[in-house]
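Read off the chains here:
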Amino acid sequence: MPYPPPQFAAPERHGFIYLGFQAEPAQRSPVYNRTPRRQRAAAQLVQAVPALVRREDVVSVRIFRAVFIPPLPGAPRHDLAMLIRTMRVDHLQTVRTCDEVSALAGEHILAGVNVARIGDTEARTDGAFLFNHFTAAPDTDAEAVWRSVTGWYTTKTGVDNSTALRPIGPSSFALVNYARLPAGPIRFLAGQLTRPSFHRFVRATLDAHGMRALPAVHRLVHAST
């Protein structure tokens, strides 16, 4: 491995439900402005949080608003996102189908488990948060491929945290990486694309395993804990 692997922490034992919400019509621009409709939609989601966290099988709820999503085919292009932690993995189905979640009418992007972790993604609430959605060819070990490129990110970009989520059951994605970025979205993403080693190592590794990365960068709107 050309880049030293990071120090992996023990994975979280919670289940994760990742939902997307559309407040505005689909757009081509990668920049997501804070429009009145998006603000109203975000406020409605925040109002729904207390009922969710009162449930004994829910640990925490976080709400995010999109700020930058490259217009890549297949990328989730939602205005808002919600990340729900369940008390245990076997609570995923119960929470996913409960009245409190069904009433939100969000798109279920992933219900899954944390399989690998670097640092603490939620140690801070400021800054930009990346949800990187990976598609993969059948029978690809997406977690292993993701682990093999993490050393490049910790070495070259200064990322010191990462929470890899693997779906349990059907999903359009083989893995979703949730991370807090060390810089703004444009600076961070441009910093990747302008480095020859990114194309030579990271992109080549993903291509060799039939994987694609579809990033979406958000800001935190509300955290229940």
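This text goes with the structure placed above it.
Position labels on residues start from 1 in each chain and follow its written sequence. Note on the predicted model: pLDDT of at least 70 is required for a residue's local features to be given, and 80 or more for side-chain atom pairs to be given and counted; whole-chain, interface and lining totals, by contrast, use all residues. To obtain the side-chain values, all non-hydrogen atoms of the structure were used and water was disregarded.

**Student:** For the overall build of the chain, give the residues involved together with the corresponding values.
**Tutor:** Looking only at helices and strands, one finds six helices and nine strands in the chain. For a compact globule of 225 residues, the expected C-alpha radius of gyration is about 17 Å, and the chain comes in at 17 Å, within 12% of that figure. Considering only C-alpha atoms, the chain reaches an extent of 50 × 35 × 35 Å along its principal axes. Throughout this description, buried means an accessible area under 20% of the type-specific maximum (1.4 Å probe, protein chains only), exposed means over 50%, and partly exposed covers the range between. Put simply, the chain has 225 residues, and 50% of those count as buried. We call two residues in contact whenever any of their non-hydrogen atoms come within 4.5 Å of each other. Of the contacts made within the chain by residues no fewer than 6 positions apart, 83% connect residues no fewer than 24 positions apart. Just so you have it, the chain exposes about 10,600 Å², and 52% of that area is on carbon and sulfur atoms. His residues and chain termini do not enter the charge count, which takes Lys and Arg as positive and Asp and Glu as negative. We put the charge of a Lys on NZ, of an Arg on CZ, of an Asp on CG and of a Glu on CD. Charge separation in the chain, taken as the distance between the mean sites of 26 positive and 17 negative side-chain charges, equals 9 Å. The helix and strand labels rest on DSSP assignments: H or I over at least four residues marks a helix, E over at least two residues marks a strand, and numbering proceeds from the N terminus. When we talk radius of gyration, it's over C-alpha atoms, and the globule rule is simply 2.2 Å times the number of residues to the 0.38. To be clear on the numbers: accessible area is Shrake-Rupley with a 1.4 Å probe, and residue cover counts the displayed protein chains and nothing else.

**Student:** If you had to explain the side chain of Glu-24 to someone new, which residues and values would you point to?
**Tutor:** Tracing the backbone shows Glu-24 in the loop between β2 (15–21) and α1 (36–53). Polar contact criterion, stated in full: a pair of N or O atoms within 3.5 Å, where within protein one must be able to donate a hydrogen and the other to accept it, and residues adjacent in sequence count only if both atoms are side-chain atoms. One polar contact links Glu-24 to Thr-35, side chain to side chain, over a distance of 2.7 Å. Apart from residues lying up to four places away in sequence, Glu-24 is in contact with Thr-35, Arg-37, Arg-38 and Asp-79.

**Student:** Let's hear about the pairing of strand β3 (residues 58–68): which residues, and what values?
**Tutor:** Looking along a regular strand, one sees side chains alternate from face to face of the sheet. Most of β3 sits out of view: nine of its 11 residues are buried. Following DSSP output, two strands are said to pair if at least two bridges run between them. Here β3 pairs with strand β4 (residues 80–86) via seven bridges, running antiparallel. When the sheet's bridge partners are listed, Ser-60 is paired in β4 with Arg-85. With six bridges joining them, β3 and strand β9 (residues 212–223) adopt antiparallel strand pairing. Counted as the bridge partner of Ala-66 is His-218 from β9.

**Student:** Pulling in residues and values, what's your account of the pairing of strand β6 (residues 128–135)?
**Tutor:** Burial within β6 is extensive, with eight of its eight residues counted as buried. Alternating positions in β6 separate into two faces, Ala-128, Leu-130, Asn-132 and Phe-134 on one and Phe-129, Phe-131, His-133 and Thr-135 on the other, with burial throughout. Summarising the sheet, β6 and β9 pair through eight bridges and their orientation is antiparallel. In the strand pairing of β9, Leu-130 is matched with Val-217. Pairing of β6 with strand β8 (residues 175–180) involves six bridges; the strand directions are antiparallel.

**Student:** Give a detailed account of α1, specifying residues and quantitative values.
**Tutor:** Here the expected span of a helix is defined as 1.5 Å times the quantity of residues minus one. Taking 1.5 Å of rise per residue, 18 residues should cover 26 Å, and α1 covers 27 Å from first to last C-alpha, within 8% of that figure. Residues of α1 that are buried: Arg-38, Ala-41, Ala-42, Leu-45, Ala-48, Val-49 and Leu-52. Among the structural elements, β2, β3, β4, α3 (99–102) and β9 are those in contact with the buried residues of α1.

**Student:** For the nonpolar core, give the residues involved together with the corresponding values.
**Tutor:** In this text, buried Ala, Val, Leu, Ile, Met, Phe, Trp, Tyr and Cys residues form a nonpolar core when linked through side-chain atoms within 4.5 Å. Counting residues in each nonpolar core, the largest one holds 28 residues, and the members touching the most others are Trp-146, Trp-152, Tyr-153, Leu-175, Val-202 and Val-217. The set of elements that each furnish at least two residues to this core consists of β3, β5 (107–118), β6, α4 (142–156), α5 (185–193) and α6 (196–208). Of all hydrophobic cores here, the second largest spans 22 residues; its members include Val-49, Val-61, Ile-63 and Leu-104.

**Student:** Go over the packing of aromatic side chains with me, naming the residues and quoting the values.
**Tutor:** Think of it this way: a Phe, Tyr or Trp ring, Trp meaning its six-membered ring, pairs with another when their centres are within 6.5 Å, and the plane angle makes it stacked under 30 degrees, edge-to-face over 60, tilted otherwise. Evaluation of the coordinates by the stated rule reveals 10 aromatic pairs. Ring geometry for Phe-64 versus Phe-131: centroids 5.2 Å apart, planes at 80°, classification edge-to-face. With a gap of 67 residues between them, Phe-64 in strand β3 and Phe-131 in strand β6 connect regions that are remote in the sequence. Assessed through its relative accessible area of 0%, Phe-64 is described here as buried. Taken together, a centroid distance of 5.6 Å and an interplanar angle of 55° make the contact between Trp-152 and Phe-198 tilted. Residue Trp-152 is found in helix α4, and its partner Phe-198 is found in helix α6; the two are separated by 46 residues along the sequence.

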